Amino acid sequence: MGRRGKKKGRPVSGWLVLDKPWDFGSTEAVSKIKWLFKAEKAGHAGTLDPLASGMLPIALGDATKTVPYVMDGRKIYEFTVAWGEQRNTDDLEGEVVESSDQRPDPAAIEALLPSYTGVIEQVPPAFSAVKIAGERAYDMARDGEVVEIPAREVEIHRITLVGCPDADHAVFEVECGKGTYVRALARDFGRELGCYGHISALRRTMVAPFAEDAMVLLADLIALEEIEDDAERLARLDAYLVPAGEALGMLPRIDISEDQAHRIRMGNPIILRGRDAPVATDDACAFVRGQLLSIGEVADGEFRPRRVFKA
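Residues numbered from 1 in each chain as written. Predicted model: local features only at pLDDT ≥ 70, side-chain atom pairs only at ≥ 80, totals over all residues. Heavy atoms only, no water.

Trainee: Describe the pairing of strand 12 (residues 197-207), and please don't skip the residues or the numbers.
Mentor: The buried count for strand 12 comes to 8 of 11 residues, which makes it a mostly enclosed element. Sheet analysis places strand 3 (residues 53-60) next to strand 12, joined by 2 bridges and oriented parallel. For Ser53, the partnering residue across the bridge sits in strand 12 and is Arg203. (Buried < 20%, exposed > 50% of the residue type's maximum accessible area, 1.4 Å probe, protein only. Helix = DSSP H or I, 4+ residues; strand = E, 2+ residues; numbered from the N terminus. Pairing = 2+ DSSP bridges.)

The structure is reproduced here in structure tokens:
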């Protein structure tokens with residue numbers, strides 16, 4: 001008898017903009033969504049710490065080809081800093097390594113924020129996924145090693161002090177670029193203010209191009225497991241998916257004909273005509289019948305496909 005092949009999932013494609021619960025890992029969330037949707041493959045656009053909640057965009061099927069573009073999108077976080085303690089993880093999970101009785105007043109906090117706006121140098125937390133000589137920093141830190149991570153440039157588009165509910169806490173909102181560690185902001189605020197600090201609450205409310213109102217609660221998806229009919233249950237789940245093309249609003253769009261689509265499906269370039277056609281760009285997306293068909297480059301009057309989608 002021949003060996004049975006591993007059972008594949010459905011070729012479902014799209015983005016599920018999950019509102020990740022607190023104390024639930026990003027990898028765990030992706031596995032749960034992949035299982036619920038019976039999807040062939042899945043991936044996410046930017047890890048959220050288990051102690052953080054909020055937006056975790058998860059791509060299913062062909063939409064995983066658009067993950068790098070969403071990874072590069074701006075992000076908005078709401079976070080609370082607890083003053084008086086620095087922890088080795090820079091959040092509630094870690095051990096206290098420094099403490100202080102000092103507490104900053106709102107004016108001192110406000111005065112600090114302009115120096116954290118724009119392109120800044122930031123040292124990622126020791127407990128992070130940054131690789132050092134091929135090893136993850138958090139693995140080294142858990143083994144008790146001293147972790148030295150070089151500073152890197154990150155961009156903070158804006159940061160706002162939302163309020164100070166009491167002397168021990170301050171609430172912020174930050175809009176930032178790829179690679180920014182909010183835990184590192186809390187650590188650095190506390191050090192500069194002379195009182196130490198760590199994240200006590202963190203929620204991501206936006207990963208561009210997805211807005212906050214696109215988020216779906218995990219509990220609402222799990223509730224659909226009660227539907228016994230597979231086709232009905234999966235159809236209800238699929239209704240939550242955002243088409244892959246909606247993740248590429250930042251790229252030039254080219255609408256093409258069926259004849260041109262056939263050439264692209266064969267891996268061939270197409271000639272672009274019309275005054276609205278992009279002249280030259282490394283990344284553009286081609287749509288047929290309103291559906292994403294390909295991502296590619298535009299050069300010498302042609303669209304040259306690099307990734308092709310089922311459309």
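Trainee: Outline the packing of aromatic side chains, supporting the account with residue identities and numerical values.
Mentor: Within this structure, the stated rule accounts for 4 aromatic pairs. The interplanar angle of 50° and the centroid separation of 5.5 Å between the aromatic rings of Trp15 and Phe210 together place this pair among those described as tilted. Of the two residues, Trp15 sits in strand 1 (residues 14-20) while Phe210 sits in the loop between strand 12 and strand 13 (216-217), which places them 195 residues apart along the sequence. Pair check on accessibility: Trp15 and Phe210 agree, each one buried. Ring centres of Tyr116 and Phe189 lie 4.9 Å apart, and the angle between their planes is 85°; on these two criteria the pair is classed as edge-to-face. On the criterion of sequence distance, the pair formed by Tyr116 in the loop between helix 3 (106-112) and strand 7 (118-122) and Phe189 in helix 5 (residues 182-193) is long-range, its members being 73 residues apart. For the pair formed by Tyr116 and Phe189, the shared burial category is buried. Grouping aromatic residues by their ring pairs yields a cluster made of Phe79, Tyr116, Phe172 and Phe189. The ring of Phe309 carries the charged tip of Lys65 above its face, separated from the ring centre by 5.2 Å. (Phe/Tyr/Trp six-rings, centres within 6.5 Å; stacked < 30°, edge-to-face > 60°. Lys NZ or Arg CZ within 6 Å of the ring centre and 35° of its normal.)

Trainee: Which residues make up the sheet that holds strand 18 (residues 302-308), and what values do they have?
Mentor: Taken in spatial order, the 5 strands line up as 14-16-17-18-15 in an open sheet, and their pairing is mixed. Of all strands in the sheet, those with a lone pairing partner are strand 14 (253-255) and strand 15 (270-271), marking the two edges. Bridge count between strand 16 (residues 281-288) and strand 17 (residues 291-299): 6 bridges; the pairing is antiparallel. Looking at strand 17, one finds that Ala286 is bridged to Ser294.

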